[in-house]
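This is what each chain is made of:
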Amino acid sequence: MRAGQRTSYGVHSSILLLTVSMGIALACAPGPDDAALRDAAGSTDDWLSHGRGYAEQRFSPLAEIHDGNVQSLGLAWSFATDTTRGLEATPLVHDGILYTTGAWSVVFAIDAGSGRELWRFDPQVPRETGAKACCDVVNRGVALYRGRIYVGTLDGRLLALDEMTGEPVWEVLTVDPTRPYTITGAPRVVKGKVVIGNGGAEFGVRGYVSAYDAATGELAWRFYTVPGDPALPVESPALERALPTWKGGEWWKVGGGGTVWDSLAYDPELDLLYVGTGNGSPWTREIRSPGGGDNLYLSSILALRPDTGELVWHYQTTPGDSWDYTATQHMILADLVIEGRERKVLMQAPKNGFFYVLDRATGELLSADAYVPVNWAERVDLVTGRPLIDPRARYAFDPTDVMPGPTGAHSWHPMSYNPDTGLVYLPAQQIPFSFRRDPAFVYRPGGWNLGLDMVWSATSFGKGTLAGVLIAWDPVARSERWRVPHRRPWNGGTLTTAGNLVFQGNGEARFEAYRATDGERLFSAPAGTGVIAPPVSYRVDGEQYVSVMAGWGGGFALASADPPEETLAGGNAGRLLTFKLGGDARLPQPQRVARSLEPIVADLPAAEVAAGMRVFHEWCVACHGPAAIGGGTIPDLRTAAPAVYDALPKIVLEGALRSKGMPGFGEWLDVNDVAVLRAYLLSRRAELATEQ
Ligand code: CA
């Protein structure tokens, strides 16, 4: 069934009902083929690929909900994902069925009109994998092609599922399981190949992107983004050219980084696949490449041939990255008239704080302008295409305060482009960071390998002036048109529609709509918990819906220890929220989460507490929060039930709470580590009691 063949929907739907009620798998006309994916942005009812179309504009042509009636929007239905971790997925919709993912890479198929579950597929990701995930056990969604659903799992697998039943058709392991690779990004299907990258540069990996035959799962090609061990054969001419930009050091032992963990886009006319690459691994260039150099292809936008993986051009946003300035952020393709000339452009607002407009045929830089306060570079030179980096930003001080920080001025949260207004709606943030090198850095397999003082990094994180802001950016005028400030820095991705609207959930646990032309807030509804995911819009039986995943989490949420009150109150119960005009469904009331504060008397020698603080900030902080202050998605270890502290050896070393997502760390930690960890946690509990 091709997108746009709406008339067959009724038949399709009744077959599906029959299928589900009888528990029998019936063959059904398959989902979008190559032509449908190329035309996906033109389909009104469906949302067939991650960014809606290959250009990733996230613009819905639906206008039944518009700036004149959005006030009467209401909840149509909500769907419980049965998770308490971050939800970042973009749902896809095809012929009245919505496909989305939750924490631990679980896939859901849901009736898009009623919210009724049709099937769910749990890939059974081993909970140990959570220790390899820098930024929560999230997943950003699936790809849809010829009757199959494609999903990448946190433990590095790529699966093809049957669209109607969720039954696996094939499965491949896309990573070396002995290295700390994870997959959180959504695959894309281009010309019969499923394209997928991975993450892990905070721990130590070598980045790459792979393409697999959609029918069979056979590897078609793989492009490594950074050179490996120079003593071994070099994999591509592109890497031959990259090698001289790495100077001294033994980056390959840690991995080098450059992971392709989120953004992809495709231009069928130019036949170019655009790939965003991540930060260096370790973060500090001084360790990775002590002789300096640009370290290609870190923090870059790559244009590849989708048939072969051959590199056609590259643009590096942050040469010699030392600040976790990934260029994995959302890329939007559009045709803009710039200085009187129609240009095929690619737009990106990477973590480093500049909004880039490139000619996507050639990679030529057309403009780059700061969209938030930036101090690591003075500006980007449009002649050379290079940033004028302030040398002091390269850790000239101890510590060195840099803006933006590693959370980025904009992270993975998708932006959107409205061709009617000519504006890009960018979920931006200001989260400064204080960099302090670890002078005694040694590579620790299994641990974080940033090259930074981890106790300092964790305890200073989230200090300073934090801000979150929705920016309407004019990519032709190279300036901001309007902005909406948020109370928290970490907010949802955006959707824009032909109804002159911008939709965005936020860290204040609200779901809102703004007028696209001037940013006036026209609608606001409770979301039950903080929202970070981007909304989508679709139509079923002639009625327009807007749908968004609600589940607080992701990197900043885990590290910031400042969750929305609603998230704490409701235990971060994950949901898919779907709205329509006149919707009158009620959001389920939160069940209060128990917190134990009864004092525990224990002997806590200061030296043990200090040693425990170090263990905590090297191994536990990424999930349990700085100074053991919970971020709202994972238990706050200061308020655990008293028995938990006595069971720490079993929990931490043997993985007794593995089924709840707490991995065992017995491979790296011992009983002495756990003893000091207990002392530290009990001291933090006692401090909390005196604060109250
Ligand atoms: Ca990173």
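As the structure is a prediction and not an experimental result, all values here were calculated from the model. Starting afresh in each chain, residues are numbered from 1 along the sequence in its written order. Whole-chain, interface and lining totals are the exception, using all residues; otherwise, since this is a predicted model, local features are given only for residues with pLDDT of at least 70 and side-chain atom pairs are given and counted only at 80 or more. Each side-chain value is worked out from all heavy atoms of the structure, with water and hydrogens disregarded.

> Explain the overall build of the chain to me, using residue names and the numbers behind them.
A run of H or I in DSSP becomes a helix once it reaches four residues, and a run of E becomes a strand once it reaches two; helices and strands are each numbered from the N terminus. When helices and strands are tallied, the chain shows 12 helices and 39 strands. Taking 2.2 N^0.38 as the reference for a compact globule, 692 residues should give roughly 26 Å; the C-alpha atoms of the chain span a radius of gyration of 24 Å, in line with that estimate. In terms of overall dimensions, the chain has C-alpha extents of about 75 × 60 × 50 Å along its principal axes. Any two residues whose heavy atoms approach within 4.5 Å at even a single point are treated as in contact. Taking as baseline every contact in the chain between residues at least 6 positions apart, the subset at least 24 positions apart corresponds to 63%. Computed with a 1.4 Å probe, the accessible areas rest on the Shrake-Rupley method; for each residue, only the protein chains presented here act as cover. As displayed, the chain offers around 24,100 Å² of accessible surface, 53% of which is attributable to carbon and sulfur atoms. For the charge count, each Lys or Arg is scored as positive and each Asp or Glu as negative, with His and the chain ends excluded. By convention, the charge on Lys lies at NZ, on Arg at CZ, on Asp at CG and on Glu at CD. Across the chain, the mean location of the 61 positive side-chain charges is 1 Å away from that of the 77 negative side-chain charges. For the radius of gyration, the atoms used are the C-alpha atoms, and the globule rule reads 2.2 Å times the number of residues raised to 0.38.

> Hey, could you go over the coordination of the calcium ion for me, with residue numbers and the actual values?
Counted as coordinating are nitrogen, oxygen and sulfur atoms within 2.8 Å of the metal, or 3.2 Å for Na, K and Ca, while water is not included, which may make sites look incomplete. The coordination sphere of the calcium ion contains the protein donors Glu202 (OE), Glu202 (OE), Asn279 (OD1), Asp324 (OD) and Asp324 (OD), at a distance range of 2.3 to 3.2 Å. Positions of the donor residues of the calcium ion, expressed as sequence spacing, correspond to E-x76-N-x44-D. Here the residue Asn279 occupies a position in the loop between β17 (272–276) and β18 (280–281), and Asp324 occupies one in the loop between β20 (311–316) and β21 (331–338), the gap between them amounting to 45 residues. Across this residue pair, the class does not change: Asn279 and Asp324 are buried. Accessible area is worked out with a 1.4 Å probe on protein chains only. A residue is then buried under 20% of its type maximum, exposed over 50%, and partly exposed in between.

> Account for the nonpolar core, naming residues and giving values.
Here, the term nonpolar core denotes a set of buried Ala, Val, Leu, Ile, Met, Phe, Trp, Tyr and Cys residues that are joined through side-chain atoms within 4.5 Å. Core analysis: the largest hydrophobic core is formed by 88 residues, its most contacted members being Val70, Trp119, Tyr150, Phe503 and Tyr538. If you tally residues by element for this core, the top one is strand β38 (residues 543–550), at five residues. Aside from chain neighbours lying at most four places away, what touches Val70 is Ile65, Leu501, Phe503, Ala513, Leu522 and Phe523. Of all hydrophobic cores here, the second largest spans 41 residues; its members include Ala265, Tyr274, Tyr356 and Ile431.

> Mind laying out the sheet that holds strand β23 (residues 354–359), listing which residues take part and the relevant values?
Strands pair, by our definition, only if DSSP identifies at least two bridges between them. Strand order in the open sheet formed by four strands is β21-β22-β23-β24, with antiparallel pairing between adjacent strands. Each having just a single partner strand, β21 and β24 (365–370) make up the two edges of the open sheet. Looking at each pair of strands side by side, their axes are set apart by 25 degrees on average, direction ignored. In the sheet, β21 pairs with strand β22 (residues 341–348) via eight bridges, with the strands oriented antiparallel. Bridging across to β22, Val337 finds its partner in Glu342. To obtain an axis, a line is fitted to C-alpha atoms, over the contacting stretch when the element is a helix, and the angle between two such axes runs from 0 to 180 degrees between their N-to-C directions.

> Explain the pattern of salt bridges to me, and be specific about the residues and the numbers.
Each reported salt bridge corresponds to a side-chain nitrogen of Lys or Arg within 4 Å of a carboxyl oxygen of Asp or Glu. As enumerated under the stated definition, the model contains 43 salt bridges in all. The closest approach of N and O atoms between Arg515 and Asp67, which form a salt bridge, is 3.8 Å. Of this pair, Arg515 sits in strand β35 (residues 510–515) while Asp67 sits in the loop between β1 (59–60) and β2 (73–80), and the two are 448 residues apart along the sequence. With its nearest N and O atoms 3.8 Å apart, the salt bridge here joins Asp111 to Arg116. Using a relative accessible area of 33% as the deciding quantity, one classes Arg116 as partly exposed. The network of salt bridges with common partners includes Asp67, Arg515, Asp518 and Glu520.

> So, the state of the cysteines: which residues are in play, and what are the values?
Our working definition of a disulfide is a cysteine sulfur pair at a distance within 2.5 Å. A full pass over the atoms with the stated rule returns one disulfide. A sulfur-sulfur separation of 2.3 Å characterises the disulfide bridge that pairs Cys134 with Cys135. Where Cys134 bonds to Cys135 through sulfur, the torsion about that S-S bond is close to -105 degrees, and the disulfide is left-handed. When its relative accessible area of 31% is taken as the criterion, Cys135 is described as partly exposed. No disulfide involves Cys620; its sulfur sits 9.0 Å from that of Cys623, the nearest cysteine. Take Cys620: its relative accessible area is 13%, and that puts it in the buried class.

> Run through the packing of helix α9 (residues 606–624) against helix α12 (residues 671–691), naming residues and quoting values.
Running from amino to carboxyl end, α9 crosses α12 at an angle of 100 degrees, the nearest separation of the two axes being 7 Å. Judged by the angle between their axes, α9 and α12 are roughly perpendicular. Contact residues: α9 offers Glu608, Val609, Ala611, Gly612, Met613, Val615, Phe616, His617 and Cys620, while α12 offers Asp673, Ala675, Val676, Leu677, Ala679, Tyr680, Leu681 and Ser683. Under the scheme applied here, ten amino acids are nonpolar (Ala, Val, Leu, Ile, Met, Phe, Trp, Tyr, Cys and Pro), four are charged (Asp, Glu, Lys and Arg), and all others, including Gly, are polar. Residue composition of the contact of α9 with α12, grouped by class: 12 nonpolar, three polar and two charged. Comment on the angle field: the value is read as roughly parallel under 35 degrees, roughly antiparallel over 145, roughly perpendicular from 65 to 115, and oblique elsewhere.

> Help me get a handle on the packing of aromatic side chains, residues and values and all.
Pairs were defined over the aromatic rings of Phe, Tyr and Trp, the Trp ring being its six-membered one, requiring ring centres within 6.5 Å. Orientation was assigned from the angle between planes: stacked under 30 degrees, edge-to-face over 60, tilted for the rest. Applying the stated criterion across every chain yields a total of 33 aromatic pairs. Here the aromatic rings of Phe355 and Trp473 are separated by 5.5 Å at their centres, their planes lie at 25 degrees, and the arrangement is stacked. Here Phe355 is found in strand β23, whereas its partner Trp473 is found in strand β31 (residues 467–474), with 118 residues between them in sequence. The burial state of Phe355 is the same as that of Trp473; both residues are buried. Through a chain of ring-to-ring contacts, three or more aromatic side chains come together here, namely Trp283, Tyr395, Phe433, Phe435, Phe461, Trp490 and Phe556. Its guanidinium or amino end placed over the ring of Tyr224, Arg206 lies 4.0 Å from that ring's centre, counting from NZ or CZ. Two conditions define a charge located above a ring, namely a distance within 6 Å from the ring centre to NZ of Lys or CZ of Arg, and an angle within 35 degrees of the ring normal. Lying over the aromatic face of Trp456, Arg436 brings its terminal NZ or CZ to 4.4 Å of the ring centre.

> Talk me through α9; I want residue IDs and the actual numbers.
Expected span of a helix: the number of residues minus one, times 1.5 Å. Taking 1.5 Å per residue, 19 residues should reach 27 Å; α9 reaches only 22 Å between its end C-alpha atoms and comes up short. Approximately 55 degrees is the largest bend angle found in α9, and it occurs at Glu618. Along α9, the positions that sit buried rather than exposed are Val609, Gly612, Val615, Phe616, His617, Trp619, Cys620, Val621, Ala622 and His624. Check the buried side of α9 and you find it contacts α6 (454–460), α7 (554–560) and α12. One axis fitted to the seven residues ending at a residue, another fitted to the seven starting there: the angle between these axes is the bend at that residue.

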